[in-house]
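# Descriptive analysis of the structure
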Amino acid sequence: MFGSKEEFKEHFMRRFEQQTEEQSPQTAYAVLGDMLREHIQEDWERTNTRYAEHKDKQLYYFSIEFLIGRLLGQNLLNLACYDLVKEGLDELGYDLSEIEEFEPEPGLGNGGLGRLAAGFLDSLASLQMPGHGCGIRYKGGLFTQHIKDGFQTEQPTDWIRETGSLDVRREDLALDIPFFGQAGTAENAEWVKAVPYDMPVVGANGRTINTLRLWQAEPSDRPIPSTKTMQIYERETAAISDRLYPDDSLDEGKILRLKQQYFLCSASIRTILKERQFEIRELPDRVAIQVNDTHPAMAVPELMRVLLDEEGLDWDEAWAITTRTISYTNHTILEEAMEKWDSYLIETLLPRIYQIIEEIDRRFKAKLATQQLSTHDRHKLSIIENDRVKMAVLAVVGSYKVNGVAKLHTEILKQREMKELHEQFPDKFHNKTNGISHRRWLMKANPELASLITESIGSGWVTEPERLRELDRFAKDQSFHASFEAVKRQKKEQLIRHVEHISDSPIDPDSIFDIHIKRIHGYKRQLMNILHIQMLYDRIRQDSSFRPYPRTFFFGGKAAPTYDFAKQVIKTINTVAHKVNSDPLVRQHVHVVFVENYNVSKAEQLIPAANVSEQISTASKEASGTGNMKFMMNGALTLGTVDGANVEIFEQVGEENAFPFGLLAEQVMQFEKDGTYDPQEIIRHDPEIRQVMAELTGGQLTDGIENSNYIIRQLIDRRDPFFVLKDLRSYMAVHDQMLMAYTEQTRWTEMAIKNVAASGYFSSDRTIRQYAEEVWHLDRRS
Ligand code: 26M
C-alpha cells in the first residue's frame, strides 16, 4: 500500500509528528486510519465509476446486522501490506497488534447472522463483484458482558469514534422517512431524517472497494406533529439507531424494532431508485436485493409502494418487478424466532404499507381460492392471520428465490416448516450452504498456520480456497506434522496469555483445548456440556481408576438480557467451573474457563487454539452454524450432532475424522410429534444422570436452589425440549472416544490436517459465487 517499508515509515512519522496528541499507540491507530482513508479513496471512486460505466448489475444485501469486527488489520491484510506495516512499525518501536487493540469493536450484530453478512461483503469485494451492504449505524452495538458472582451483567457499548474510522457521512444523500399519519397523504406524519454513513469494504486481490451503507436516524427539519413536544420527538428519533436489539432468537414485537426495520428498508430502496441511471422497468436486470432473514422483509411492500405511488405503475407491473428483484434467506425454523407483527402496529406506524400488505395477502388468497386445500394449509399460506402479519410468508410470496443456509436446513424448510409454500412455489426454494471468510478466519486469525500452508502447497489456496485439499498430501508427512503441531501449540500459548488473568489457576497448554463458543441458548445446549463436566468431576472423585487425559473446557457467549434460562446456564457454568478448578484432584484432569464478553476479536484468539470444536445443538435446530467451519479451518476436530452444516463438514472430511453423536433430526422431530420422550425415565434408569440431577436440584451447581429453578423447570416441567438428558449418554461416549483418539498423537494430527484440507468448501467465496450465479445473476449485463 505505501510502496516500500521505508516510504511507509517516513510517511507515518511525518503524520505522527504533526499530531497534537501524545505519541501513544492510540494516536498511532488514528494516524494509520487517516493514511488508509487517503490510500483507498481513489480506488473507491474508481470502483463506483467502473460499475456505473459498465452498467453492472448491483447487489444490495439488506441486513439489520453487520457484525464486521475490527477492520484495521483486515483492511491492511486485504491490501497486502499487513507485513510491511507491521515490520515498519516494529522498527519505529510500535507493535501493530497493540495498536489494533485500540480499535473499538464494532459489534453491530448478535452472532451468526450478522457475521455472515460481514463475511459476504468481504467475499463480494474480494471476488470483485458489485455487492454492497445496507444496514443501520447503531450508536451502541451488542452490550459488553461482565461476569459478577458468576452472573452476566450487561453494559452498553458505544463503538463510534471521531478518529481513525474510515466511514464518510453523506449529508447530500440524506432523506426523510415518514411514520404514522394517514395512508396516501403525508398529513400528520412524523418524519425522521435518514443520513447514510458509507464504509469502504476493501477487497483482497485487486482494487475493488465496495460500500457498506449504514443509516443513522436524526431529527428532520420538517414540522413535528402538534401532539408531541420537541424533546420527545428528538428522543424518539434518535432511538431508532441508538442500539442493536440484543435478542438473537426471540421475536418480541416491539414498535421500535419495527421502526428500525422500515427505516432501513425505506431509506435503502428509495436511494437505490433515486440514484438509478436506467428505466424503472429494467430494475430486476440492474438490481438484486437480498433480504437477510425477515428483518428487512418490509422491502417487499416498500418497493411496491414506491413503484405504485411514486413511479405510477399499476399493481401487476409493480408486482412483477418486485418479485423479480427481491430474494430472501431463511436462517431459522425456531417457532419463537419467526417474526409476526400485530396488524394494528403496522397499520398505525405505516398505514400505507399495511394497505399494501393486505392487498398482497388478498390477491394471494384469491389465487389459492381455486385450489383444493385443507384449512391447515390455508392457515400456513396466509400472510395475515389472527390479526398478525407473518413476515416469513410475506418474504416467500414477495421474492423470486428463497434459500436455506445448509442442506439439512433447506430440506426441513421444504418438507416441513414451509411445506405448503414449497408446494405453491417449488422452483423458488434452494440451498446455499453458508461460508466464512478464510481471509479473516485463517489468514488474519492464524497467520502462523497460513504461512505453513503456503510453504507447503504454495499460495494458490488464498484465491482458490478449495485448493487447501492439496494439504492431504502432507497428512502423513512427519516433518509437516511437527510444524503443524508447533503452530497449534503456539496458538494455545498465545490464547493462554490472553486469558490467564481471568482464570483462577494456570492453564496447561498440553491439555486438550475443548471450546464451546456461541450465543447461550437452550438449543445450543451449553447445559449438556456443563452437566457432562460435573459428571466427570463426580466420576474422578468416586472412581480412583478414572484419571482422564487433561482437558481445558472453554466457554464463551452472551445471553439475551431477557432470556432467564440462558442466564442461569451462565451461572451454572461458572459455579461448576469454580468447583472443578478449586479441587486439587479434579483440576489435574479438568479445567473450566468462561471467557467474558465473547465477540469477534475473542473468537479470533480462541478458534486457532482449539483441538476440539463443540457443535452440539439439538438436531434440526441449528440452521447451519458457521463457528463450526472456522474451527475446522483451524484444525480442530468437530465433536457434534448431525445438524446444520455439521452434516456437510462430516461429508467433506469423512466421519472418521470427526466425532458425530446423538439423535438424528428425524428422531427429534418424531419425538416432538408423538410426545413420547420422557426425561424422568432417563433419570430413573441412569444413576450417573440421576446424581447430577440431584446435585442440580440441591442447588450445588448454581449456588443455591433459587438459581437452579429455571433449569429444573426446563428439564422436568417442560420435559427437556432440547433433549439434553436424552443425548447425554451418547455425548459422554463420544467424549471418551475423542480422548482415546487424542492419545494417539500422530493419528490425531493427521485428522486435524485433513480437517484443514477439507475446509476450503466452507469459504464464503464459494457461497457467494453460488448466489451470484444462481440467484443474483451478477454477470448479466443489460
Ligand atoms: C429478531 C427479532 C427481534 C430482535 C432480534 C431478532 C433476531 C436477530 C438476530 C433474530 C435472529 C437473529 O440472528 C439469528 C442468527 O444468528 N441465526 C443464525 O444464522 C446463522 C447464519 O445463517 C446460522 O449459521 C445459524 O445456524 C443461525 O442460528
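Quantities reported herein were computed from a predicted structural model and do not represent experimental measurements. (Residues numbered from 1 in each chain as written. Predicted model: local features only at pLDDT ≥ 70, side-chain atom pairs only at ≥ 80, totals over all residues.)

Glancing now at the site of the ligand. Lining the immediate environment of the ligand, one finds 24 residues, of which Gly112, Leu113, Tyr245, Ala623 and Ser624 sit closest. Looking at the shell around the ligand residue by residue, the class counts come to 6 nonpolar, 11 polar and 7 charged. Split by domain, the residues of the shell around the ligand number at least three in each of domain 2 (59-70 + 105-136 + 163-173 + 197-216 + 247-434 + 767-776) and domain 3 (438-761). (Near = placed C-beta within 6 Å. Nonpolar A, V, L, I, M, F, W, Y, C, P; charged D, E, K, R; others polar. Domains from an automatic or database assignment.)

Time to look at the packing of helix α22 (residues 526-542) against helix α29 (residues 687-697). At their nearest, the axes of α22 and α29 sit 10 Å apart, and the two run at 105° to each other. The pairing of α22 with α29 is recorded here as roughly perpendicular in orientation. Of the residues in α29, those in contact with Leu531, Gln534, Met535 and Asp538 of α22 are Glu688, Gln691, Val692 and Glu695. Its residues assigned to classes, the contact of α22 with α29 comprises 3 nonpolar, 2 polar and 3 charged. (Axes fitted to C-alpha atoms, helices over the stretch in contact; angles between N-to-C directions. Helix = DSSP H or I, 4+ residues; strand = E, 2+ residues; numbered from the N terminus. Parallel < 35°, antiparallel > 145°, perpendicular 65-115°, else oblique. Contact = placed C-beta atoms within 7 Å.)

What follows is about the packing of helix α1 (residues 5-18) against helix α2 (residues 25-54). Remark: α1 packs on α2, axes separated minimally by 10 Å, with the N-to-C direction vectors making an angle of 120°. Comparing their axes, α2 and α1 come out oblique. The two elements α1 and α2 cross, and the hand of that crossing is right-handed. Residues His11, Phe12, Arg15 and Phe16 of α1 form the contact with α2, whose own contacting residues are Ala28, Val31, Asp34 and Met35. (Left-handed = near helix turned anticlockwise from the far one by under 90°.)

Turning next to the UniProt feature "modified residue: N6-(pyridoxal phosphate)lysine" (unreviewed entry) in the protein. The residues that UniProt annotates with the feature "modified residue: N6-(pyridoxal phosphate)lysine" (unreviewed entry) are Lys630. Positionally, lysine 630 belongs in helix α25 (residues 627-633). Taking the C-beta count within 10 Å as the criterion, lysine 630 has 30 such neighbours and is therefore assigned buried. Residues within four places of lysine 630 in sequence aside, it is in contact with Ile436, Trp441 and Ile607. (UniProt positions renumbered as here; feature names shortened; annotations may be inferred. Buried ≥ 20, exposed ≤ 12 C-beta atoms within 10 Å, placed from the backbone.)

For the rest of this paragraph, the subject is helix α16 (residues 407-417). Of all the positions in α16, only Leu408, His409, Thr410, Ile412, Leu413 and Glu417 are classed as buried. Buried-residue contacts for α16 involve β14 (401-404), β15 (429-431), α26 (646-653) and α27 (665-674).

A low pLDDT means the predicted coordinates there should not be read in detail. This prediction gives the protein a mean pLDDT of 96; 99% of its residues lie at or above 70. Overall fold confidence (pTM) sits at 0.98, and the ipTM for the predicted complex is 0.96. (pLDDT = per-residue confidence, 0-100.)

Another aspect to go through is helix α13 (residues 351-368). Compared with the 26 Å implied by 1.5 Å per residue over 18 residues, the 26 Å span of α13 between its first and last C-alpha is a close match. Burial in α13 covers these residues: Arg352, Ile353, Tyr354, Ile356, Ile357, Ile360 and Asp361. Looking at the buried positions of α13, the neighbouring elements they touch are α10 (299-310), α12 (343-349), β12 (384-385), β13 (388-390) and α15 (391-397). (Expected span 1.5 Å × (residues − 1).)

Along the chain, the position of asparagine 707 falls in helix α30 (residues 705-717). The exposure class assigned to asparagine 707 is partly exposed, which follows from the 18 C-beta atoms found within 10 Å. On a C-alpha basis, the gap between asparagine 707 and asparagine 403 in space is 40 Å, while along the polypeptide they are 304 residues apart. With sequence-adjacent residues up to four places away left out, asparagine 707 is seen in contact with Gln568, Lys571, Gly699 and Thr702.

Per the domain assignment, the segments making up the protein are domain 1 (1-54 + 82-101), domain 2 (59-70 + 105-136 + 163-173 + 197-216 + 247-434 + 767-776) and domain 3 (438-761). Measuring from the centre of the C-alpha atoms in domain 2 to the corresponding centre in domain 3 gives 33 Å. Contact with domain 2, which involves 30 residues of that partner, is made by 22 residues of domain 3. Residue assignment for the side of domain 2 that touches domain 3 shows that the elements contributing at least two residues are α6 (112-126) and α16. At 5 residues, the largest contribution of residues to the side of domain 2 that touches domain 3 is made by α6. Broken down by class, the residue content of the side of domain 2 that touches domain 3 amounts to 9 nonpolar, 14 polar and 7 charged.

Further remarks concern the sheet that holds strand β21 (residues 659-661). Adjacent strands of a sheet pair through backbone hydrogen bonds, lying either parallel or antiparallel. In space, the 6 strands of this open sheet follow the order β18-β17-β16-β19-β20-β21, with parallel pairing throughout. The open sheet is flanked by β18 (590-595) and β21, the only strands paired with a single partner. Put simply, the sheet's adjacent strands are angled 20° from each other on average, direction ignored. This element, helix α23 (residues 564-581), spans β17 (551-556) and β18 of the sheet and lies at about 140° to β18. Of the strands in this sheet, β16 (512-517), β19 (612-615), β20 (637-641) and β21 are in contact with helix α31 (residues 724-743), which crosses β21 at around 165°. (Pairing = 2+ DSSP bridges.)

The next point concerns the pairing of strand β10 (residues 326-329). Going residue by residue along β10, you find Ile326 and Tyr328 tucked away on one face and Ser327 and Thr329 tucked away on the opposite face as well. Here β10 pairs with β14 via 3 bridges, running parallel. Bridging from a neighbouring strand, tyrosine 328 pairs with valine 402 of β14.

All right, on to the pairing of strand β4 (residues 151-158) then. Relative to β4, strand β3 (residues 140-148) runs antiparallel, the two being bridged by 7 bridges. When the sheet's bridge partners are listed, glycine 141 is paired in β4 with threonine 157. Between the antiparallel neighbours β3 and β4 lie 2 residues, among them aspartate 149 with a positive phi of about 50°.

With antiparallel pairing, 3 strands are arranged side by side in an open sheet as β11-β13-β12. Of all strands in the sheet, those with a lone pairing partner are β11 (340-342) and β12, marking the two edges. Across 3 bridges, β11 lies against β13 in antiparallel orientation. In the strand pairing of β13, tryptophan 341 is matched with valine 389.

Turning our attention to unusual backbone geometry. For lysine 55, which is not a glycine, the phi torsion comes out positive at approximately 55°. Position of lysine 55 relative to the elements: it lies in the loop between α2 and β1 (58-62). Classification of lysine 55 as partly exposed rests on a count of 14 C-beta atoms within 10 Å. Although it is not a glycine, serine 620 sits at a positive phi angle of roughly 90°. Relative to the assigned elements, serine 620 resides in the loop between β19 and α25. Given 24 C-beta atoms within 10 Å, serine 620 falls into the buried group.

With respect to the element layout, threonine 626 can be found in the loop between β19 and α25. Residue threonine 626 is classed as buried on the basis of its 24 C-beta neighbours within 10 Å. Between the alpha carbons of threonine 626 and glycine 111 there is a distance of 9.6 Å; along the sequence they are 515 residues apart. Ignoring anything within four residues of it in the chain, the contact list for threonine 626 reads Gly112, Arg115, Leu116, Asn434 and Ile436.

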